[in-house]
Amino acid sequence: MLAYANTAQQLHDLTQSWRSGAQRIALVPTMGNLHAGHLSLCQAARQIADRVVTTIFVNPTQFAENEDFDSYPRTPEEDDDILRDSGLVDSVFVPAAAEIYPHGLADAARVELPALADELCGSSRPGHFNGVAGVVLRLLNVTRPDVLVLGEKDYQQLILMRWLVRDLGLRIAVEGMPTCRAEDGLALSSRNRYLSAEERQRAPVLFRELTGIAAAIRAGERDFDKLRQPAIAALADHGFDVDYIEVRDAADLSRAHRDAETELVVLGAARLGPARLIDNVRV
Ligand code: AMP
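The notes below deal with the structure included here.

What counts and how
Residues numbered from 1 in each chain as written. Predicted model: local features only at pLDDT ≥ 70, side-chain atom pairs only at ≥ 80, totals over all residues. Heavy atoms only, no water. Helix = DSSP H or I, 4+ residues; strand = E, 2+ residues; numbered from the N terminus. Contact = heavy atoms within 4.5 Å. Buried < 20%, exposed > 50% of the residue type's maximum accessible area, 1.4 Å probe, protein only. Near = heavy atom within 4 Å. Polar contact = N/O pair within 3.5 Å; in protein donor to acceptor, adjacent residues only side chain to side chain. Areas by Shrake-Rupley, 256 points an atom, 1.4 Å probe, with all protein chains shown as cover.

## Things to note about the side chain of Arg125
In this fold, Arg125 is placed in the loop between α5 (121-124) and α6 (128-143). Residues contacting Arg125, with those up to four places away along its chain left out, are Gln62, Glu67, Arg191 and Arg276.

## Concerning the environment of Arg222
Looking at the secondary structure, you find Arg222 in the loop between α9 (205-218) and α10 (224-237). Relative accessible area serves as the criterion here: at 22%, Arg222 is assigned to the partly exposed category. Along the backbone, Arg222 and Ala5 are 217 residues apart, and their C-alpha atoms lie at a distance of 50 Å. When residues no more than four places from it in sequence are discounted, the contact partners of Arg222 are Ile217, His257, Arg258, Asp259, Ala260 and Leu264.

## A look at the site of the ligand
Around the ligand lies a shell of 17 residues, among which His38, Gly151, Asp154, Cys180 and Leu188 are the nearest. Here an oxygen atom of the ligand sits 2.6 Å away from a polar atom, N or O, in the side chain of Asp154. Taking Leu188, its main chain carries an N or O atom lying 2.8 Å from a nitrogen atom of the ligand. Relative to its unbound accessible surface of 480 Å², the ligand loses 93% to contact with the protein.

Any link to function would need more than the numbers given here.
If you want it as structure tokens, here you go:
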């Protein structure tokens with residue numbers, strides 16, 4: 001049975017009985033417009049915990065003025081069907097903004113993350129990750145889960161949320177799950193629906209280029225700049241406006257050194273028509 005909660009009190013009433021029965025709770029936060037990627041997180045959550053709570057909230061504080069907050073796809077009926085059909089989720093929390101930000105957006109307490117939040121996606125989306133941290137912290141406080149389940153698709157977000165949980169001493173495990181892809185390799189994303197049919201055909205080039213860089217590194221190439229430039233050129237040839245392509249340390253997203261022996265990740269972000277696509281491949 002899928003139980004809806006629209007207020008923190010309703011969610012608390014639901015989760016409290018689970019908690020007092022010593023059941024482990026996993027939280028899967030989303031912005032809705034659910035797809036197989038979201039469901040894979042719910043599936044993982046089901047395996048890790050006794051109870052799964054999903055949240056659907058398009059968080060205003062993580063969108064800049066010029067971004068797609070107003071046009072972000074909101075599909076509550078479809079989401080409801082998907083969640084019911086899946087049978088994976090016990091409760092879905094769908095709060096109004098006033099429930100999450102009782103003092104209003106202008107007077108909401110803010111979370112400020114360290115410098116990594118201003119790099120990679122943060123450099124073209126100033127304040128984005130602080131907004132994410134603010135809402136995730138609120139959702140954690142309301143849900144009080146044992147486990148927070150996030151997608152590796154948003155790799156920088158995952159690393160920053162791990163940092164947040166550790167830095168604030170929250171006793172919550174953070175689990176990162178692999179990216180679900182379409183058959184042609186494109187990472188599933190709610191923003192893919194902004195693509196025209198023709199742009200959709202070209203969209204997998206981002207994953208293809210990141211995969212190519214990862215393969216070259218695995219084969220022994222350590223001059224990361226030499227690998228980045230042709231990938232950026234190939235993406236530009238396919239009509240992408242590249243934001244960044246970078247090779248970083250997979251554990252903390254610090255800059256990768258050529259002789260480092262740590263695990264690496266190749267990350268990229270690029271605009272294709274109206275959509276800003278992001279992806280990453282572990283080395
Ligand atoms: P969103 O609704 O886009 O904010 O995403 C909610 C959660 O789903 C985040 O933890 C994302 O990293 C994760 N997610 C989004 N797309 C995918 C995907 N293709 N595969 C796996 N997880 C994903």
